[in-house]
Amino acid sequence: MPENVLSCLIFLPLLGALVLLLWPRPVGAWAKWLTIGLTFGQMGLATGLYLYFEKGPEAPVGVYDLASYQFVEQASWFEISLGRSGRLSAEYLLGIDGLSVGLVLLATIVLFIGAVASYTIEKLPRGYFALYLVLSSAIVGCFVALDFLLFYLFFEFMLLPMYFLIGIWGGERREYAAVKFFIYTLVGSLLILVVMIGLYLSVIDPAKTARQAGLILHEAEASPEIIRKVQAALSAKKIAPENQVYTFRMTAMMDPDNFAPNALLGKSASGFALDFRFWAFWLLFIGFAIKLPMVPFHTWLPDAHVEAPTPVSVVLAGILLKIGGYGMMRLAFPIFPEQAQAGMLVMGFIGVLSILYGALNALAMDDLKKMVAHSSVSHMGFVLLGLAALNSEGAHGAIYQMWSHGILSALLFLLVGVLYDRTHSRLISHYRGLLGAMPYFGFFVMIGFFASLGLPGFSGFIGELFTLLGGFGSAGLPGWLVAGGVLGIVLGAAYFLWALQRMFLGKLWLREASWRDKIQDLHPREWLMLSLLSLLTLITGLMPGLVFGPMSRSVEAWIQWIWGT
């Protein structure tokens with residue numbers, strides 16, 4: 001693997017975007033092929049990353065220990081003297097562990113599929129494909145950044161490309177959907193920003209502080225003994241404020257010994273009868289819950305999906321939503337473990353509410369794309385339910401559900417796009433008997449529907465099974481609450497099977513007679529995309545160890561860290 005493979009994953013598409021924007025002549029069709037080629041290269045690098053990732057019972061754990069992350073890239077970004085207030089330090093810090101390696105691979109697969117699906121885009125191709133490549137860089141950056149400031153910049157960087165991709169290339173109400181998406185996500189970002197600032201004002205980097213205090217000459221000399229010495233001196237208020245180097249490093253924020261005395265978000269932080277750590281946890285949670293999205297922060301999602309072009313819906317559902325769940329696992333829970341424990345019941349309730357609310361809305365939809373959009377809310381509720389369980393089964397299930405939903409939601413939105421491209425109608429009531437007219441299309445629809453409703457043998461079954469196992473096995477979640485998730489699976493079967501029966505079975509009938517000549521079966525490009533996604537959900541459903549294997553050590557370490565064991 002290249003030495004700086006994570007940087008290559010981030011900057012390869014960004015370089016392509018610059019080429020597109022600076023090219024002096026009309027880009028024509030080669031912009032499409034450049035985007036497909038670069039995202040294919042991203043996927044190839046991520047596949048190599050997954051294959052070379054160290055797995056097994058002796059694999060490094062990552063999570064709270066920077067030394068045990070893999071493929072780490074570290075360089076000083078900037079360090080600023082704040083006079084008597086100390087120094088501000090930020091790093092270009094990248095790395096992956098078991099919590100992120102599968103999601104990096106998922107991101108590149110979905111981005112490649114979205115690039116292939118974008119081949120039919122003819123309107124302003126230079127702008128569309130440049131924005132798509134910028135979005136590709138930002139998404140991967142979120143999954144590999146280990147500096148909170150760097151993560152936040154990538155998180156924010158996704159806003160503008162997605163806003164324009166929906167607002168310019170979307171449907172009739174694209175401006176409304178784009179503004180709604182932007183406002184909701186921006187509010188979530190601001191909540192995260194508030195907590196990031198509070199953490200910066202609270203957390204020091206012990207190695208850099210030791211260097212600044214003259215205990216060592218270089219950070220590389222910071223042995224564990226030196227680190228403990230600095231932390232003890234910090235607790236005893238023996239380090240002058242001007243020698244304290246504050247940091248955005250995520251792993252430093254997870255260690256309570258790195259919090260300065262009387263820090264804003266220290267363990268004993270409170271003021272005006274407020275528990276600052278309590279509010280910081282819930283601000284982070286809401287910020288990521290908007291992105292996930294969870295009820296009642298979900299209302300931007302159906303509008304964004306319905307108005308977005310098919311490739312953007314694929315990327316939005318397939319990978320952008322997962323950044324919400326990943327942010328909770330990487331930041332909210334391990335930095336504020338006591339608050340996560342105290343909030344198990346509330347988070348579990350929100351997860352089950354999202355499962356049921358999304359499923360009931362999907363059951364009521366006549367618009368096929370709206371049905372799939374609301375089903376995403378329901379299926380992502382299982383992610384939060386698994387995280388709220390705070391046990392190994394639930395955490396494994398949550399990550400697996402993010403992987404499974406990424407593949408299946410991309411498949412379902414592509415299938416909706418196939419039909420819409422032919423007739424420009426997404427209404428279920430406008431079709432009957434499509435299976436006879438489009439048998440291959442119907443075959444992939446059945447794979448997508450049955451896999452999504454949790455048929456054993458497909459990935460959807462494994463994700464839901466483990467989140468429910470975690471929920472029922474959790475000491476903090478009552479069984480009656482988790483049983484609501486089981487009801488959500490029943491409702492999922494209802495809306496998928498009802499849509500299948502109404503649209504595909506019986507004698508062919510179309511709302512417009514002119515559609516008969518347009519109803520054609522799959523093209524080779526559609527075959528490629530649908531076959532790849534279908535094989536992935538089948539293979540990982542039959543061999544879940546392909547997803548579970550790399551994550552197990554990190555998940556166990558994550559659970560132990562939260563419970564302090």
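Keep in mind it's a predicted model, so treat the numbers as computed, not measured. (Residues numbered from 1 in each chain as written. Predicted model: local features only at pLDDT ≥ 70, side-chain atom pairs only at ≥ 80, totals over all residues. Heavy atoms only, no water.)

(A) Main features of the overall build of the chain. When helices and strands are tallied, the chain shows 24 helices and seven strands. Relative to a compact globule of 565 residues, whose C-alpha radius of gyration would be 24 Å, the chain shows 24 Å and is just as compact. Reported as C-alpha extents along the three principal axes, the dimensions of the chain are approximately 85 × 65 × 45 Å. Evaluated residue by residue, the chain yields a buried proportion of 61% over its 565 residues. Long-range contacts, defined as pairs at least 24 residues apart, comprise 80% of the intrachain contacts of the chain with a sequence gap of at least 6. When the accessible area of the chain is evaluated, it comes to approximately 20800 Å², of which 67% is carbon and sulfur surface. Each charge class in the chain was averaged separately, 34 positive and 34 negative side chains, and the resulting centres sit 7 Å apart. (Helix = DSSP H or I, 4+ residues; strand = E, 2+ residues; numbered from the N terminus. Rg over C-alpha atoms; globule rule 2.2 N^0.38 Å. Buried < 20%, exposed > 50% of the residue type's maximum accessible area, 1.4 Å probe, protein only. Contact = heavy atoms within 4.5 Å. Areas by Shrake-Rupley, 256 points an atom, 1.4 Å probe, with all protein chains shown as cover. Lys, Arg positive; Asp, Glu negative; His and termini not counted. Charge placed at Lys NZ, Arg CZ, Asp CG, Glu CD.)

(B) Structural view of the packing of helix H13 (residues 310–320) against helix H18 (residues 392–423). Viewed as axis vectors pointing N to C, H13 and H18 meet at an angle of 160 degrees, and their least axial separation amounts to 8 Å. When the axis of H13 is compared with that of H18, the two are roughly antiparallel. The element H13 and its partner H18 pack so that their crossing is right-handed. Every residue of H18 that contacts H13 at Thr-310, Ser-313, Val-314, Ala-317 and Gly-318 is listed here: His-405, Gly-406, Ser-409, Ala-410, Phe-413, Leu-414 and Gly-417. For the contact of H13 with H18, the per-class residue count stands at five nonpolar, seven polar and no charged. (Axes fitted to C-alpha atoms, helices over the stretch in contact; angles between N-to-C directions. Parallel < 35°, antiparallel > 145°, perpendicular 65-115°, else oblique. Left-handed = near helix turned anticlockwise from the far one by under 90°. Nonpolar A, V, L, I, M, F, W, Y, C, P; charged D, E, K, R; others polar.)

(C) Local environment of the nonpolar core. Ile-139, Phe-148, Phe-151, Phe-333, Met-371 and Trp-558 are the most contacted members of the largest nonpolar core, which has 205 residues in total. Top element by residues in this core is H18. It accounts for 17 residues. Those residues in contact with Phe-151 that sit more than four places away from it in its chain are Cys-142, Ala-145, Met-250, Phe-288, Tyr-326 and Leu-331. (Core = buried A, V, L, I, M, F, W, Y, C linked by side-chain atoms within 4.5 Å.)

(D) Quick look at the environment of Arg-422. Structurally, the position occupied by Arg-422 is in helix H18. A residue is classified by how much of its surface remains accessible, and Arg-422, at 8% relative accessible area, is buried. Each C-alpha atom of the pair Arg-422 and Arg-516 lies 9.9 Å from the other, and the pair is 94 residues apart in sequence. Setting aside anything within four residues of it in sequence, one finds Arg-422 in contact with Met-438, Lys-518, Gln-520, Asp-521, Leu-522, His-523 and Glu-526. A polar contact of 2.9 Å, which involves the side chain of Arg-422, links it to the backbone oxygen of Val-418. (Polar contact = N/O pair within 3.5 Å; in protein donor to acceptor, adjacent residues only side chain to side chain.)

(E) Looking closely at the sheet that holds strand S3 (residues 245–247). Here three strands make up an open sheet; going across it, the order is S1-S2-S3 and the pairing mixed. Edge positions in the sheet fall to strand S1 (70–81) and S3, since each has one partner strand and no second. Here the average twist between neighbouring strands, direction ignored, is 25 degrees. Bridge analysis of S1 against strand S2 (residues 87–96) gives nine bridges, and the strand direction is antiparallel. Counted as the bridge partner of Ser-76 is Glu-91 from S2. Along the sheet, helix H1 (residues 5–22) makes contact with S1 and S2, crossing S2 at roughly 95 degrees. (Pairing = 2+ DSSP bridges.)

(F) Just the side chain of Glu-526, in detail. As for its position among the elements, Glu-526 is in helix H23 (residues 524–542). A relative accessible area of 5% places Glu-526 in the buried class. Those residues in contact with Glu-526 that sit more than four places away from it in its chain are Val-418 and Arg-422.

(G) Just the packing of aromatic side chains, in detail. Following the criterion strictly, the structure yields 34 aromatic pairs and no others. Relative to Phe-182, the ring of Tyr-163 has its centre 5.4 Å away and its plane inclined at 65 degrees; by these criteria the two rings are edge-to-face. Highlighted residues: Tyr-163 in helix H6 (residues 159–169) and Phe-182 in helix H7 (residues 174–200), separated in sequence by 19 residues. Accessibility expressed as a relative area gives 25% for Tyr-163, which makes it partly exposed. (Phe/Tyr/Trp six-rings, centres within 6.5 Å; stacked < 30°, edge-to-face > 60°.)

(H) Main features of unusual backbone geometry. At the junction of Leu-292 and Pro-293, the peptide bond is cis and its omega measures out at -15 degrees in the coordinates. With respect to the helices, strands and loops of the structure, Pro-293 is situated in the loop between helix H11 (276–291) and helix H12 (300–307). Of note, the amide linkage connecting Val-295 to Pro-296 takes the cis form, showing an omega dihedral of 10 degrees. Of note, Val-63 is a non-glycine position whose phi angle comes to about 55 degrees, a positive value.

(I) Just the pattern of salt bridges, in detail. Enumeration over the complete set of coordinates arrives at 14 salt bridges. The partner of Arg-249 in a salt bridge is Glu-91, with the nearest N and O atoms 2.9 Å apart. You can see Arg-249 sitting in the loop between S3 and helix H10 (250–254) and its partner Glu-91 sitting in strand S2, a full 158 residues away along the chain. Residue Arg-249 is classed as buried on the basis of its relative accessible area of 14%. Overall, Glu-91 belongs to the buried group, its relative accessible area being 2%. Connected through salt bridges with shared partners, the residues Glu-91, Asp-205, Lys-208 and Arg-249 form a single ionic network. (Salt bridge = Lys/Arg side-chain N within 4 Å of Asp/Glu carboxyl O.)

(J) Seen up close, the packing of helix H14 (residues 322–335) against helix H17 (residues 368–389). Contact pair H14 / H17: the axes reach a minimum separation of 10 Å and the direction vectors enclose 15 degrees. As judged from the angle between their axes, H14 and H17 are roughly parallel. Both H14 and H17 take part in a crossing whose hand is right-handed. Contacts from Lys-322, Gly-325, Met-328, Met-329 and Phe-333 of H14 reach H17 at Met-380, Leu-384 and Leu-387. Taken together, the residues that form the contact of H14 with H17 break down as six nonpolar, one polar and one charged.

(K) Spatial organisation of the pairing of S2. Most of S2 sits inside the fold, with 10 of its 10 residues counted as buried. Burial of the side chains of S2 extends over both faces: Arg-87, Ser-89, Glu-91, Leu-93 and Gly-95 are buried on one face and Leu-88, Ala-90, Tyr-92, Leu-94 and Ile-96 on the other. Hairpin geometry of S1 and S2 is characterised by an intervening segment of five residues between the two adjacent antiparallel strands and by a positive phi of about 70 degrees at Gly-83. In the sheet, S2 pairs with S3 via three bridges, with the strands oriented parallel. From the neighbouring strand, Ser-89 faces S3, where its bridge partner is Thr-247.

Distances and angles like these do not, on their own, reveal function.
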